Amino acid sequence: MAAPMSSSSSSKLPFLISIIILPILISSAAAAQTSFRPKALVLPLTRDVSTLQYLTHIKQRTPLVDVPLVVDLGGQNLWVDCETDYVSSSYVPVPCRSAPCSLARSRSCGDCFDGPKPGCNNNTCGVSPDNSVTRTSTSGELTQDVVSIQSTDGSTPGRVVSVPKFLFVCAPAFLLEGLASGVKGMAGLGRGKIGVPSLFAAAFSFHRKFAVCLGSNGVVIFGDGPYRFLPLTEDLSSSLTYTPLILNPVSTASSYFEGDPSTDYFIGVTSIRINTHAVPLNASLLKIDSEGNGGTKISTVNPYTVMETSLYRAVISAFRKELAQVPTVTPVAPFGLCFNSTTIGSTRVGPGVPQIDLVLQSSSVVWTIFGANSMVQVKENVLCLGIVDGGANPRTSIVIGSHQIEDNLLQFDLAASRLGFSSTLLGRRTTCSNFNFTSTA
């Protein structure tokens, strides 16, 4: 349930705050970057086989500690368990009513009488960390600490750089429930001002862009291209197709304040085609209504695409019709349409099944989903369509899940509010696992 924002808040305040605060963050974060300023930063990704969550590691604190995190594409911020063995001489809680606190859109001021210690201090900025896997949110403390990360030239990792006062949220240990074993929090890559991409861009004065490429191993690159994956020599950013990112004016987080926009990444899917044939859909569900319901977003915490029930039924019916010559088998949860795969051929882009086209702002701007991304091998000789029924009244009509975006290069340009996408890299004889992490400067 959203809490109401104070009626005395001015509509001009967020704009003024952004003007005032970003230079403050840039100057403080860049203080230690006197001899080298990177043009881009890089984080490796791995897929956890048990949860299908995508994990990364950052170096944080003084002395530096390796911190494993679940990557949440639309997450509002970086949050970390501070209850369990958080030790750092550079930890600094953010005071209430400070510039960073305003940047975080905080409406609360926290006190803690069991401190002082990480996550428990008086007169500190209150922010709600969100476990988007379990849809659980709680109260937390906005704070700052050192973060260390490798730079990149788009081909290989380079020098390690540090941000001395990187904003993150201290969360209680129970918020880790439902996350992959051993992780200490979540790295939110959402479009908000304290999302990880915006903070790195502010710290090093580079473009508010980042690219995600998921796979059994993958990569996140903060900053602009080039993006090069072995054995290719060309820059993949030069061949992306672009579509606008749509701002949902109502937050899609587990808890939020009235007036908070969503930090998730929405795109404007206008229709769906299977084997070039249009699927009959209720087109109103593809639009975001005045209450923030509907539309299409991209997620790394949903392992498979989720659709509102009527959309789901229409898509699986149309897919079944186009693959009528292949016998079906008893569905394997959570999927509703599965096939005997012994009669399905194999291609460079996965099983030889009908392609699914997400039609965007025009009939010529299409995100094509081939067999490697549409089908899931659930057991020997059984392939299932990797789409899940999301129920009759979901918050978002279509959530494009991580299986559907694996081995696709996605570039999120926050400044221009657009998404660049490659469709599958398999057709170019490369994968997201082929970023070269073996060479360092």
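Everything numeric here is computed off the predicted structure, so don't read it as measured data.

### Some remarks on the nonpolar core
- Phe-200, Phe-210, Phe-222, Ile-298, Phe-319, Trp-367 and Phe-412 are the most contacted members of the largest nonpolar core, which has 97 residues in total.
- Among the domains, domain 1 (40-223) and domain 2 (242-427) are the pair contributing at least three residues each to this core.
- Not counting residues up to four positions away in its chain, the partners in contact with Phe-412 are Leu-73, Arg-208, Lys-209, Phe-210, Val-212, Leu-245, Tyr-265, Ile-298, Arg-418 and Leu-419.
- Cys-213, Tyr-227, Leu-232 and Leu-240 belong to the second-largest nonpolar core, a separate cluster that totals 15 residues.

### A closer look at the packing of aromatic side chains
- A full pass over the atoms with the stated rule returns 14 aromatic pairs.
- A ring pair is formed by Tyr-86 and Tyr-91, whose centres lie 5.5 Å apart and whose planes are at 70°; its orientation type is edge-to-face.
- Owing to a relative accessible area of 6%, Tyr-86 belongs among the buried residues under this scheme.
- A relative accessible area of 13% means that Tyr-91 is categorised as buried.
- On the basis of an interplanar angle of 55° and a centroid distance of 5.1 Å, the ring pair of Phe-200 and Phe-222 is categorised as tilted. Taken together, the residues Phe-200 in helix H3 (residues 196-204) and Phe-222 in strand E14 (residues 217-223) connect sequence positions 22 residues apart.
- Under the relative-accessibility criterion, Phe-200 is labelled buried at 2%.
- Take Phe-222: its relative accessible area is 1%, and that puts it in the buried class.
- Taken together, Phe-166, Phe-200, Phe-210, Phe-222, Tyr-265 and Phe-412 form an aromatic cluster joined through their ring pairs.
- Its end group placed over the ring of Tyr-242, Arg-418 keeps NZ or CZ at 3.7 Å from the ring centre.

### Quick look at the pattern of salt bridges
- By the definition in use, this model includes ten salt bridges.
- Note that Asp-260 is salt-bridged to Arg-105, the shortest N-O span being 3.1 Å. On the criterion of sequence distance, the pair formed by Asp-260 in the loop between strand E15 (241-246) and strand E16 (265-267) and Arg-105 in the loop between helix H2 (99-103) and strand E6 (108-110) is long-range, its members being 155 residues apart.
- Owing to a relative accessible area of 32%, Arg-105 belongs among the partly exposed residues under this scheme.
- Asp-413 is the salt-bridge partner of Lys-209, the closest N and O atoms lying 3.9 Å from each other.

### Things to note about the side chain of Asn-77
- Tracing the backbone through its elements, the reader meets Asn-77 in the loop between strand E3 (65-72) and strand E4 (78-81).
- When its relative accessible area of 5% is taken as the criterion, Asn-77 is described as buried.
- For Asn-77, the residues in contact, after removing those within four places along its chain, are Val-127, Ser-128, Val-169, Met-186, Ala-187, Gly-188, Ile-194 and Gly-195.

### Some details on the domain arrangement of the protein chain
- Looking at the protein chain, the domain boundaries give domain 1 (40-223) and domain 2 (242-427).
- Facing the 33 residues of domain 1 at the interface are 36 residues of domain 2.
- When the two sides are added together, the surface that domain 1 and domain 2 hide from each other amounts to roughly 2,900 Å², 54% of it contributed by carbon and sulfur.
- By the criterion of area lost to domain 2, the three top residues of domain 1 are Leu-73, Arg-191 and Leu-214, representing 27% of everything that side buries.
- At the surface where domain 1 touches domain 2, the tally comes to four salt bridges.
- For the side of domain 1 that touches domain 2, the secondary structure elements donating two or more residues are E3, strand E8 (130-131), strand E9 (136-137) and strand E13 (209-213).
- In terms of residue count, E13 provides more of the side of domain 1 that touches domain 2 than any other element does, five residues in total.
- In the side of domain 1 that touches domain 2, the residues fall into twelve nonpolar, twelve polar and nine charged.

### What about the layout of surface pockets?
- In this structure, the second largest pocket spans a volume of roughly 480 Å³.
- Residue lining of the second largest pocket: 36 residues in total, with Ser-132, Arg-135, Thr-252, Asp-264 and Lys-297 positioned closest to the centre.
- Contributions of two or more residues to the lining of the second largest pocket are made by strand E12 (185-188), strand E19 (296-298) and strand E20 (305-307).
- Of the residues belonging to the lining of the second largest pocket, the class tally is twelve nonpolar, 17 polar and seven charged.

### So, empty space enclosed by the protein
- All chains considered together, the criterion is met by three cavities of 30 Å³ or more.
- Volume-wise, the largest cavity comes out at about 80 Å³.
- For the largest cavity, the full set of lining residues is Thr-305, Met-307, Ile-356, Leu-358, Ile-369, Ser-374, Ile-387, Ile-398, Ile-400 and Gln-404.
- Those elements that place two or more of their residues in the lining of the largest cavity are E20, strand E25 (356-359) and strand E30 (398-400).
- Considering only residue class, the lining of the largest cavity consists of seven nonpolar, three polar and no charged.

### Comments concerning the confidence of the model for the protein chain
- For the protein chain, the average pLDDT comes to 91, and 91% of its residues sit at 70 or higher.
- For the stretch residues 1-34, pLDDT sits under 50, and the model shows 41 contacts to residues farther than four places along the chain or on other chains.

### Some remarks on the side chain of Ser-423
- With respect to the helices and strands, the residue Ser-423 is situated in strand E32 (residues 418-424).
- Accessibility expressed as a relative area gives 13% for Ser-423, which makes it buried.
- Beyond its immediate chain neighbours, meaning those up to four positions away, Ser-423 contacts Trp-367, Thr-368, Asp-407 and Asn-408.

Conventions used here
Residues numbered from 1 in each chain as written. Predicted model: local features only at pLDDT ≥ 70, side-chain atom pairs only at ≥ 80, totals over all residues. Heavy atoms only, no water. Core = buried A, V, L, I, M, F, W, Y, C linked by side-chain atoms within 4.5 Å. Buried < 20%, exposed > 50% of the residue type's maximum accessible area, 1.4 Å probe, protein only. Domains from an automatic or database assignment. Contact = heavy atoms within 4.5 Å. Phe/Tyr/Trp six-rings, centres within 6.5 Å; stacked < 30°, edge-to-face > 60°. Helix = DSSP H or I, 4+ residues; strand = E, 2+ residues; numbered from the N terminus. Lys NZ or Arg CZ within 6 Å of the ring centre and 35° of its normal. Salt bridge = Lys/Arg side-chain N within 4 Å of Asp/Glu carboxyl O. Buried area = accessible area lost by both parts, 1.4 Å probe. Nonpolar A, V, L, I, M, F, W, Y, C, P; charged D, E, K, R; others polar. 1 Å grid on protein atoms, 1.4 Å probe; cavity = no way out; pocket = protein on both sides within 12 Å on 5 of 7 lines; lining within 4 Å. Points joined across faces, edges and corners; volume = space filled by probe spheres on them. pLDDT = per-residue confidence, 0-100.

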